[in-house]
Amino acid sequence: MHITLNNGVTMPAIGLGVFQSAPEQTTAAVEAALATGYRHIDTAAAYGNEREVGAGIRSSGLDRSEVFIETKVWVSDYGYDQTLHAWDKATGKLGVDYLDLLILHQPAPDRFEKTIAAHKALERLLADGRVRAIGVSNFMPHHLKELLGSTDVVPAVNQIELHPYFTQPDVQAADTRHGILTQAWSPIGGITFYPGWGQDRRNVMEDPAIAAIAQAHGKSPAQVMLRWHLQQGRSAIPKSTNPARIAENFDIFNFELSTDELAALDTLDTGTRNGPDPDEAREERFAMAIPEA
Ligand SMILES: NC(=O)c1ccc[n+]([C@@H]2O[C@H](COP(=O)([O-])OP(=O)(O)OC[C@H]3O[C@@H](n4cnc5c(N)ncnc54)[C@H](OP(=O)(O)O)[C@@H]3O)[C@@H](O)[C@H]2O)c1
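Keep in mind that what you see is a predicted model, and the values were worked out from it rather than measured. (Residues numbered from 1 in each chain as written. Predicted model: local features only at pLDDT ≥ 70, side-chain atom pairs only at ≥ 80, totals over all residues.)

**Observations regarding the pairing of strand 6 (residues 99-104)**
In terms of residue burial, strand 6 counts as a mostly covered element, since 6 of its 6 residues are buried. As paired strands, strand 5 (residues 68-73) and strand 6 are joined by 4 bridges and run parallel to one another. Its bridge partner lying in strand 6, Lys-72 is registered against Ile-103. Following the backbone out of strand 5, through helix 3 (residues 80-94) and into the adjacent parallel strand 6, one traces a crossover that is right-handed. (Buried ≥ 20, exposed ≤ 12 C-beta atoms within 10 Å, placed from the backbone. Helix = DSSP H or I, 4+ residues; strand = E, 2+ residues; numbered from the N terminus. Pairing = 2+ DSSP bridges. Right-handed = clockwise from strand over helix to strand, strands pointing away.)

**As for the sheet that holds strand 7 (residues 131-137)**
Here 8 strands make up an open sheet; going across it, the order is 3-4-5-6-7-8-9-10 and the pairing parallel. Lying at the two open borders of the sheet, with one neighbouring strand each, are strand 3 (16-17) and strand 10 (235-236). Note: strand 8 (residues 157-161) against strand 9 (residues 181-185), 5 bridges, orientation parallel. The residue bridging Gln-159 from the neighbouring strand is Gln-183, located in strand 9. Relative to strand 7, helix 4 (residues 112-127) is tilted by about 160 degrees, and along the sheet it contacts strand 5, strand 6 and strand 7. (Contact = placed C-beta atoms within 7 Å. Axes fitted to C-alpha atoms, helices over the stretch in contact; angles between N-to-C directions.)

**Quick notes on the packing of helix 5 (residues 141-150) against helix 6 (residues 169-178)**
Relative to each other, helix 5 and helix 6 sit at 25 degrees, their axes nearing to 9 Å. Classified by the angle their axes make, helix 5 and helix 6 are roughly parallel. Within the contact between the two elements, helix 5 uses Pro-141, Leu-144 and Leu-148 and helix 6 uses Asp-170, Val-171, Ala-174 and His-178. Along the lines of polarity and charge, the residues of the contact of helix 5 with helix 6 split into 5 nonpolar, 1 polar and 1 charged. (Parallel < 35°, antiparallel > 145°, perpendicular 65-115°, else oblique. Nonpolar A, V, L, I, M, F, W, Y, C, P; charged D, E, K, R; others polar.)

**Brief notes about the site of the ligand**
Residues in close proximity to the ligand total 27 residues, the closest being Gly-17, Phe-19, Gly-190, Lys-239 and Ser-240. Grouping the amino acids of the shell around the ligand by side-chain chemistry returns 10 nonpolar, 13 polar and 4 charged. (Near = placed C-beta within 6 Å.)

Structure, rendered in structure tokens:
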């Protein structure tokens, strides 16, 4: 299933995420995903595994043009010239000569002028045909407003934390208003159960309402959540390094959730973010330098 972005480029709705996929596991995960039928991989300069993603794509035997490659510019590379050079680093590691989608990993709230300059560099890369689409991640409505007021190209995608316990309806509405596709990170709630990411979180994978819907369809909770994203028009990029779960997360095109089931999933929103607050300025992020290719 494909989604058409606001510049006419089509993108497979489901992609493989590789955040926290160790470099030595990443190539095999990408190979398994592509063998299963995935044609979209979501990586990032900050994940430290773009090289291994590129290796997995090459060893799949698929043509480069058959795989939609999405990656992200890290905040320490924001600024016009720095972001142009971030493209050199990303393509050098991936071993490709263009990217399908290049997005800004998050706003830099305390130096938004650098975020805007980074977006202007994305616009240059787009005009030069070095990326097919550009976008943002973790942008709240006020970040979008400020960005759109100072730039020329509306981002094609906004990738945000989005699972049944945190649905950010205000951000989704702002994206829709501007013609931006919402893409869900932690689409099956990884951020609600990853070890070391905070106490007292409820694991969305263990939610009884989701379990009941899953049972009714003979599907797993992860499959129900991914189907919910698809039926509500979102892109989702579930992460796994386990071949059986990679396949499970792609086996979602043969069932349909009812309107009531979709509504039941919507009521689970707690309004509480599990991941980092995009408005919090954190100096240590700028200290993390992205290595050259
Ligand atoms: N833009 C951002 O700031 C941002 C932030 C976070 C993530 N992301 C992107 O979004 C992607 C997905 O988000 P995420 O990695 O945070 O979380 P996620 O995809 O919601 O969940 C991944 C977790 O679920 C497990 N898992 C996968 N499939 C499963 C299944 N069918 N049943 C049970 N468990 C399953 C995985 O373990 P195994 O690997 O062992 O299967 C892993 O622990 C990332 O990889 C990354 O590409 C972006």
